[in-house]
Amino acid sequence: MVRVAFVCVENAGRSQMAAAFARRRRPPGVDVFSGGTRPAAQIHPEVVAVMREVGIDLQAETPRAITPAEIMSSDVVVTMGCAVGDVCPAKFRGDTIDWALPDPAGRPIEEVRRIRDDIERRVSLLLEEVARGR
């Protein structure tokens with residue numbers, strides 16, 4: 001089993017979208033989860049809206065905390081871009097992949113769609129690498 005973790009600070013936007021796309025497309029033998037270092041109370045409403053447009057319902061999902069142990073036990077850790085001052089999960093290990101993506105919180109819906117589409121493309125490429133034995 002290959003464990004893939006998608007991590008950001010709040011676990012309310014980018015990491016939730018990435019995990020949802022990965023769960024939809026994951027090959028056999030891949031476990032996917034997401035979490036945040038300081039989880040928000042809920043997923044950003046604009047993220048729920050744009051994911052619903054592509055047939056993924058995140059309404060019932062809840063941001064959750066991720067532990068250093070979970071990160072260390074993962075085979076692939078993808079962070080979503082840490083701003084200065086964030087408690088960045090990339091500091092937990094040195095081989096983290098960072099996707100420097102803008103935070104969708106409070107952005108216009110068109111921008112959130114672009115972020116969503118970029119995440120979907122990156123997840124597809126990542127899963128191809130994982131399937132080839134990255």
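Residues numbered from 1 in each chain as written. Predicted model: local features only at pLDDT ≥ 70, side-chain atom pairs only at ≥ 80, totals over all residues. Heavy atoms only, no water.

Asks: How should the nonpolar core be read in this particular structure?
Replies: Grouped burial of nonpolar side chains is what soluble globular proteins tend to show. Judged by nonpolar contacts, the single largest core of 30 residues is most densely connected at Phe-6, Trp-99 and Val-123. Elements supplying a minimum of two residues to this core: β1 (2–8), α1 (14–25), β2 (30–36), α2 (45–53), β3 (76–79) and α4 (109–131). The element contributing the most residues to this core is α4, with seven residues. (Core = buried A, V, L, I, M, F, W, Y, C linked by side-chain atoms within 4.5 Å. Buried < 20%, exposed > 50% of the residue type's maximum accessible area, 1.4 Å probe, protein only. Helix = DSSP H or I, 4+ residues; strand = E, 2+ residues; numbered from the N terminus.)

Asks: Can you walk me through the pattern of salt bridges in this structure?
Replies: Side chains bearing opposite charge may pair, as long as their charged atoms lie close to each other. Enumeration over the complete set of coordinates arrives at ten salt bridges. Between Glu-53 and Arg-113 there is a salt bridge, with its nearest N and O atoms 2.7 Å apart. With a gap of 60 residues between them, Glu-53 in helix α2 and Arg-113 in helix α4 connect regions that are remote in the sequence. Between Asp-118 and Arg-121 there is a salt bridge whose closest N-O contact spans 2.8 Å. With Asp-118 and Arg-121 both in helix α4 and three residues apart, the pair spans about one turn of that helix. Bridged by salt links that share partners, the residues Glu-53, Arg-113, Arg-116 and Asp-117 form one connected network. (Salt bridge = Lys/Arg side-chain N within 4 Å of Asp/Glu carboxyl O.)

Asks: I tried to follow the sheet that holds β1 on my own but got confused; where do I start?
Replies: Hydrogen bonds between backbone groups are what pair the strands of a sheet, and the pairing can be parallel or antiparallel. Taken together, the four strands give an open sheet; going across it, the order is β2-β1-β3-β4, and neighbouring strands pair in parallel fashion. Looking at strand neighbours, the two that pair on one side only are β2 and β4 (97–98), the edges of this open sheet. Of the pairings in the sheet, the one linking β1 to β2 comprises seven bridges and is parallel in character. Each residue of the ladder has a partner; that of Val-7, found in β2, is Gly-35. Each of β1, β2, β3 and β4 is contacted by α4, which is oriented at about 155 degrees to β1, the strand it contacts most. (Pairing = 2+ DSSP bridges. Contact = heavy atoms within 4.5 Å. Axes fitted to C-alpha atoms, helices over the stretch in contact; angles between N-to-C directions.)

Asks: Would you explain the packing of aromatic side chains in this entry?
Replies: Geometry of an aromatic ring pair is reported as the spacing of the ring centres plus the angle between the planes. Under the counting rule described, the total for this entry stands at one aromatic pair. Arranged with centres 6.0 Å apart and planes meeting at 45 degrees, the rings of Phe-6 and Trp-99 form a pair that is tilted. Here Phe-6, found in strand β1, pairs with Trp-99, found in the loop between β4 and α4; they are 93 residues apart in sequence, far enough to count as distant. Grouping residues by exposure puts Phe-6 and Trp-99 together as buried. (Phe/Tyr/Trp six-rings, centres within 6.5 Å; stacked < 30°, edge-to-face > 60°.)

Asks: Hey, could you run me through the environment of Phe-21 in this one?
Replies: Position of Phe-21 among the secondary structure elements: in helix α1. Take Phe-21: its relative accessible area is 0%, and that puts it in the buried class. Expressed as a C-alpha distance, the spacing of Phe-21 and Arg-116, which sit 95 residues apart in the sequence, is 9.5 Å. Discounting chain neighbours no more than four positions away, the residues touching Phe-21 are Met-51, Val-54, Ile-56, Arg-116, Ile-119, Glu-120 and Val-123.

Asks: Looking at this structure, how should I read α4?
Replies: Helical geometry: 3.6 residues make up each α-helical turn, so side chains three or four residues apart lie on a common side. Compared with an ideal rise of 1.5 Å per residue, which puts 23 residues at 33 Å, α4 spans 33 Å between its outermost C-alpha atoms and is within 8% of the ideal. Within α4, burial applies to Val-112, Ile-115, Arg-116, Asp-118, Ile-119, Glu-120, Val-123, Leu-126, Leu-127 and Val-130. Positive phi shows up at Gly-133, right after α4, with a value of about 95 degrees. (Expected span 1.5 Å × (residues − 1).)

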